Amino acid sequence: MTIKIKQFVLLKRPVGVPVESNFSLKTETISGDLKENELHLRGIYYSVDPYMRGRMNGAKSYVAPFALNEPISGAVIARVVESKKSGLITGDFVFGQLPWATEMVVDSSSVRKIDVQIGKASDYLGVLGMTGLTAYFGLLKIGQPISGETVVVSGAAGAVGTIVGQIAKMKGCKVIGIVGSGEKEKLLKDRFNFDGMINYKSKDDLVHLIKNACPNGVDVYFDNVGGEISDAVIQNMNFQGRIVLCGQISLYNSKEIPMGPRIQPILLTKSILMQGFIVSNFTEQFPEGLAELSKWVKEGKIEAIETIIEGFENLPKAFIDLFSGKNVGKMMVMAKDIAL
Ligand SMILES: NC(=O)c1ccc[n+]([C@@H]2O[C@H](COP(=O)([O-])OP(=O)(O)OC[C@H]3O[C@@H](n4cnc5c(N)ncnc54)[C@H](OP(=O)(O)O)[C@@H]3O)[C@@H](O)[C@H]2O)c1
């Protein structure tokens, strides 16, 4: 086997919002025969995720930083071109943390086979993958919404946000979504039956907008964005409210974390729980979460929406576009050449 592949490496660490020149597309040749347990894969769907911005900084966090001039890696759905692993055959779909490369040779232990009878292949990057599990465990285990309560979710038209909103509706809650455009407000209302929407880019005072949308106050706040949006929601929290700290995308490109209001007196006097989490905290319970999410998808109770950008070359742009809200639902890139 001798194949020419393309792969994206991190050329320069971004300062502020990433730009395309932070990435470089390289051509490489892979040659030689597969060894026992190895797979030759072709990438089909590549996930772009806000957390990857943190990995582009040099500092160590809960995941190691990307190395300069090395391939970026992330969640990828690939197909098996050739297999030296029993149980995996040409054409099978697999999921793994894989390089941003058009094709790759990997040890089979780095991927798992996915069942495209349960959901379509791309669902495993969204509702049946990290996205769905994040929404499921964050909302249900930390937020613990009760029927009749008011749930506010920021980043509401995004990958995690749309799933959080739908689960909260299923649990009988009143759901208010915070988004960055009128089109996204309309999507939440028409497609997902949200009870209220707030455009954080409107000129009006956010604290008042939230107060008007939540006349009974906020019981659960699922925070995907942080910053001033979250400051405003927290002003409207109820006694014994729960704040689920899932993401802080509004701060990921900040050179310095801005000083916000002191919220501890609100947390204290209202007995509010505020808890951060990383989805991997729940790894042992993933089978439970996936079983439930798969059932809801099959029953049509959850609809997964996606923004799929065609063309491997568009990976850096798709990633960058997350920070200006160009996506609805799960943002991913699909390779053009997906035939085996
Ligand atoms: N804790 C975990 O384990 C875990 C796992 C997965 C994701 N997350 C976090 O969850 C959040 C959502 O992730 P996702 O994959 O579902 O992404 P996403 O919501 O699909 O995409 C990002 C969205 O964030 C909004 N946004 C971008 N910049 C913003 C800003 N400055 N202020 C307010 N909103 C902004 C944009 O929507 P608008 O048009 O509405 O601005 C954009 O569409 C992220 O913060 C991510 O890091 C955490």
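Residues numbered from 1 in each chain as written. Predicted model: local features only at pLDDT ≥ 70, side-chain atom pairs only at ≥ 80, totals over all residues. Heavy atoms only, no water.

(A) Spatial organisation of the pattern of salt bridges. Under the defined criterion, the tally for this structure stands at 15 salt bridges. The shortest N-O distance in the salt bridge between Glu313 and Lys6 comes to 2.9 Å. Of this pair, Glu313 sits in the loop between strand E14 (306-310) and helix H9 (315-321) while Lys6 sits in strand E1 (residues 2-10); the two residues are 307 residues apart in sequence, bridging distant segments of the chain. Each of Lys120, Asp123 and Glu306 takes part in salt bridges that share partners, so that together they form one network. (Salt bridge = Lys/Arg side-chain N within 4 Å of Asp/Glu carboxyl O. Helix = DSSP H or I, 4+ residues; strand = E, 2+ residues; numbered from the N terminus.)

(B) Layout of the packing of helix H5 (residues 206-213) against helix H6 (residues 227-234). Two elements in contact, H5 and H6, have axes separated by 8 Å at closest approach and are oriented at 50 degrees. In terms of axis orientation, H5 runs oblique to H6. Crossing handedness for the pair H5 and H6: right-handed. Along its contact with H5, which presents Leu206, Val207 and Ile210, the element H6 presents Glu228, Ile229, Ala232 and Val233. Counted by class, the contact of H5 with H6 contains six nonpolar, no polar and one charged residues. (Axes fitted to C-alpha atoms, helices over the stretch in contact; angles between N-to-C directions. Parallel < 35°, antiparallel > 145°, perpendicular 65-115°, else oblique. Left-handed = near helix turned anticlockwise from the far one by under 90°. Contact = heavy atoms within 4.5 Å. Nonpolar A, V, L, I, M, F, W, Y, C, P; charged D, E, K, R; others polar.)

(C) Representation of the side chain of Thr162 within the structure. If you trace the backbone, Thr162 turns up in helix H3 (residues 159-170). At a separation of 3.2 Å, a polar atom in the side chain of Thr162 contacts the main-chain carbonyl oxygen of Ala159. (Polar contact = N/O pair within 3.5 Å; in protein donor to acceptor, adjacent residues only side chain to side chain.)

(D) Expanded view of the site of the ligand. The full set close to the ligand counts 28 residues, and Lys184, Tyr200, Tyr252, Val279 and Asn327 are the nearest of them. Contacts to the ligand include Cys246, whose backbone N or O atom sits 3.0 Å from a nitrogen atom. A distance of 2.8 Å separates a nitrogen atom of the ligand from a polar atom in the backbone of Phe277. In the complex, the protein chains occlude 92% of the 910 Å² of accessible area that the ligand would expose alone. Mapped onto the shell around the ligand, the elements with two or more residues apiece are helix H2 (130-143) and H3. In the shell around the ligand, the residues fall into 17 nonpolar, 10 polar and one charged. (Near = heavy atom within 4 Å. Areas by Shrake-Rupley, 256 points an atom, 1.4 Å probe, with all protein chains shown as cover.)

(E) Looking closely at the packing of aromatic side chains. Under the definition given, this model contains 11 aromatic pairs. Taken together, a centroid distance of 5.2 Å and an interplanar angle of 65 degrees make the contact between Tyr46 and Phe312 edge-to-face. Here the residue Tyr46 occupies a position in strand E3 (residues 38-47), and Phe312 occupies one in the loop between E14 and H9, the gap between them amounting to 266 residues. Accessibility expressed as a relative area gives 4% for Phe312, which makes it buried. (Phe/Tyr/Trp six-rings, centres within 6.5 Å; stacked < 30°, edge-to-face > 60°. Buried < 20%, exposed > 50% of the residue type's maximum accessible area, 1.4 Å probe, protein only.)

(F) Geometry of the pairing of strand E8 (residues 150-154). For E8, the tally of buried residues reaches five of five residues, placing the bulk of the element in the interior. Burial along E8 is two-sided: Thr150, Val152 and Ser154 facing one way and Val151 and Val153 facing the other are all buried. As defined by bridge partners, E8 adjoins strand E9 (residues 174-179) across five bridges and the pair is classed as parallel. Its bridge partner lying in E9, Val152 is registered against Ile176. Handedness of the crossover is the feature at issue here: the chain leaves E8, passes through H3, returns alongside E9, and the resulting connection is right-handed. (Pairing = 2+ DSSP bridges. Right-handed = clockwise from strand over helix to strand, strands pointing away.)

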